[in-house]
Amino acid sequence: MKVIVKKDYENMSKEAANIIKKEIEKKPDIVLGLATGSTPIGMYEELIRLHKEEGLDFSKVTTFNLDEYVGIDKDHPNSYHYFMKDVFFDHINIDMDNTFIPDGKAEDPESYCKEYDKLIDEKGGVDVQILGIGENGHIAFNEPAEKLNVGTSIVKLTQSTIEANSRFFDSMDEVPKTAITMGIGSIMKAKKIILLANGKKKAKAIKELIKGDKITTYLPASMLLLHSDVTIIVDEEAYNG
Ligand code: PGA
């Protein structure tokens, strides 16, 4: 596991965007695994700049997002579908037919989850997966628990995640309590993984993770210790606490 410590959020974001830029230049029809949340916004902004000012070409790129809330419409301002368009897809030359985000309103969620994993495999698998990390060590919506899901699944969110997400909603009642998320196995299949973390709130989870001596389902990110190509990019606050 490679750890890169950057001075601040801006430098963390640029580092991640530059790695992705190089990967797209190497393989224009790359499959990217994308994340939502506050953490990757700066990286998306830098990728948009690289597209607009340096011609970074997304026309052949395919993307798979990690997760979506259950029961929320795609055009709801708090849906991850909306987020991805608003923050990234609307500003680059990606073909929207090549962008995939789990459907939080799938009629038959169980078979839908299997189809999502199958589709990733059919597209050749994720080349580079971007991840954030929860304060509780979750990756995507794989929350700390006795057991973790291998494949894409419907999951209940923990109270701490619901509270962390509530900042985007008008009231606690509106915050979704379940989500559809790629499983730990789906994530671990990616050829290369980049995990981003910034700010003091992430320091505890990052410290545990980079200690690197134990895996536990109670720190889902620790499963990444079993992967052979993981880069963690953090700012000084997330690194030092
Ligand atoms: P954040 O969320 O980027 O909004 O902090 C990360 C996560 O919960 O995975």
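A few points on the structure. (Residues numbered from 1 in each chain as written. Predicted model: local features only at pLDDT ≥ 70, side-chain atom pairs only at ≥ 80, totals over all residues. Heavy atoms only, no water.)

Points about helix H2 (residues 41–54)
Step number 1: Given a rise of 1.5 Å per residue, 14 residues ought to cover 20 Å, and the 19 Å separating the end C-alpha atoms of H2 matches this to within 8%.
Step number 2: Within H2, burial applies to Gly 42, Met 43, Tyr 44, Glu 46, Leu 47, Ile 48, Leu 50 and His 51.
Step number 3: Against helix H1 (9–26), strand E2 (31–34), helix H3 (80–87), strand E6 (128–131) and strand E9 (192–197) lie the buried residues of H2.
Step number 4: With its phi angle positive at about 75°, Gly 55 sits one or two positions after the end of H2. (Helix = DSSP H or I, 4+ residues; strand = E, 2+ residues; numbered from the N terminus. Expected span 1.5 Å × (residues − 1). Buried < 20%, exposed > 50% of the residue type's maximum accessible area, 1.4 Å probe, protein only. Contact = heavy atoms within 4.5 Å.)

Thoughts on the site of the ligand
Step number 1: Gly 37, Ser 38, Thr 39, Gly 132, Ile 133, Gly 134, His 138, Arg 167 and Lys 202 make up every residue found near the ligand.
Step number 2: Between the ligand and the protein, one listed contact pairs an oxygen atom with a side-chain N or O atom of Arg 167 at 3.0 Å.
Step number 3: Computed on the free molecule, the ligand has an accessible area of 280 Å², of which 79% lies beneath the protein chains in the complex.
Step number 4: Its residues assigned to classes, the shell around the ligand comprises one nonpolar, six polar and two charged. (Near = heavy atom within 4 Å. Polar contact = N/O pair within 3.5 Å; in protein donor to acceptor, adjacent residues only side chain to side chain. Areas by Shrake-Rupley, 256 points an atom, 1.4 Å probe, with all protein chains shown as cover. Nonpolar A, V, L, I, M, F, W, Y, C, P; charged D, E, K, R; others polar.)

Some thoughts on the sheet that holds strand E3 (residues 62–65)
Step number 1: The strand order across the open sheet built from seven strands is E1-E10-E9-E6-E2-E3-E5, with neighbouring strands paired in parallel fashion. Each edge of the sheet is formed by a strand with only one pairing partner; in this case those strands are strand E1 (2–6) and strand E5 (99–100).
Step number 2: Two strands pair when backbone bridges link them, and E1 and strand E10 (residues 230–235) are joined in this way by five bridges, in the parallel orientation. Note that in E10 the partner of Val 5 across the bridge is Val 234.
Step number 3: Across the sheet, helix H4 (residues 109–122) is in contact with E3 and E5; its angle to E3 comes to roughly 150°. (Pairing = 2+ DSSP bridges. Axes fitted to C-alpha atoms, helices over the stretch in contact; angles between N-to-C directions.)

Points about the packing of aromatic side chains
Step number 1: The final tally for this structure, using the stated rule, is 10 aromatic pairs.
Step number 2: Note on Phe 58 and Phe 88: the rings are 5.6 Å apart at their centroids and 90° apart in plane angle, and the pair reads as edge-to-face. On the criterion of sequence distance, the pair formed by Phe 58 in the loop between H2 and E3 and Phe 88 in the loop between H3 and E5 is long-range, its members being 30 residues apart.
Step number 3: Phe 88 sits in the buried class, given a relative accessible area of 1%.
Step number 4: Put simply, the rings of Tyr 44, Phe 58, Phe 88 and Phe 89 pair up and form one aromatic cluster. (Phe/Tyr/Trp six-rings, centres within 6.5 Å; stacked < 30°, edge-to-face > 60°.)

Details of a nonpolar patch on the surface
Step number 1: Among the surface-exposed residues, Met 1, Val 3, Val 5 and Tyr 239 lie close enough to one another that they form a single nonpolar patch of about 320 Å² accessible area.
Step number 2: Note on placement: Tyr 239 falls in helix H8 (residues 236–240). (Patch = residues over 30% accessible without salt bridge, like charges linked within 9 Å, V, L, I, M, F, W, Y side chains within 5 Å. Salt bridge = Lys/Arg side-chain N within 4 Å of Asp/Glu carboxyl O.)

Focus: the side chain of Thr 39
Step number 1: Within the secondary structure, Thr 39 sits in the loop between E2 and H2.
Step number 2: In this view, Thr 39 contacts Tyr 9, Met 12, Leu 196, Ala 197, Asn 198 and Lys 202; residues no more than four positions away in its chain are not counted.

As for the packing of H2 against H3
Step number 1: Close contact between H2 and H3 brings their axes to 10 Å; oriented N to C, the two are set at 40°. It follows that H2 is oblique to H3 by the angle criterion. Across from Ile 41, Tyr 44 and Ile 48 in H2, the residues of H3 making contact are Phe 83, Met 84 and Val 87.
Step number 2: Counted by class, the contact of H2 with H3 contains six nonpolar, no polar and no charged residues. (Parallel < 35°, antiparallel > 145°, perpendicular 65-115°, else oblique.)

Some remarks on the sheet that holds strand E7 (residues 153–156)
Step number 1: Taken in spatial order, the three strands line up as E4-E8-E7 in an open sheet, and their pairing is antiparallel. Each end of this open sheet is capped by a strand with a single partner; those strands are strand E4 (67–69) and E7. Strand after strand, the sheet turns through a mean of 25° between neighbouring axes, direction not considered.
Step number 2: One ladder, built from three bridges, connects E4 with strand E8 (residues 178–181); its direction is antiparallel. Bridge pairing in E8 places Tyr 69 opposite Ala 179.

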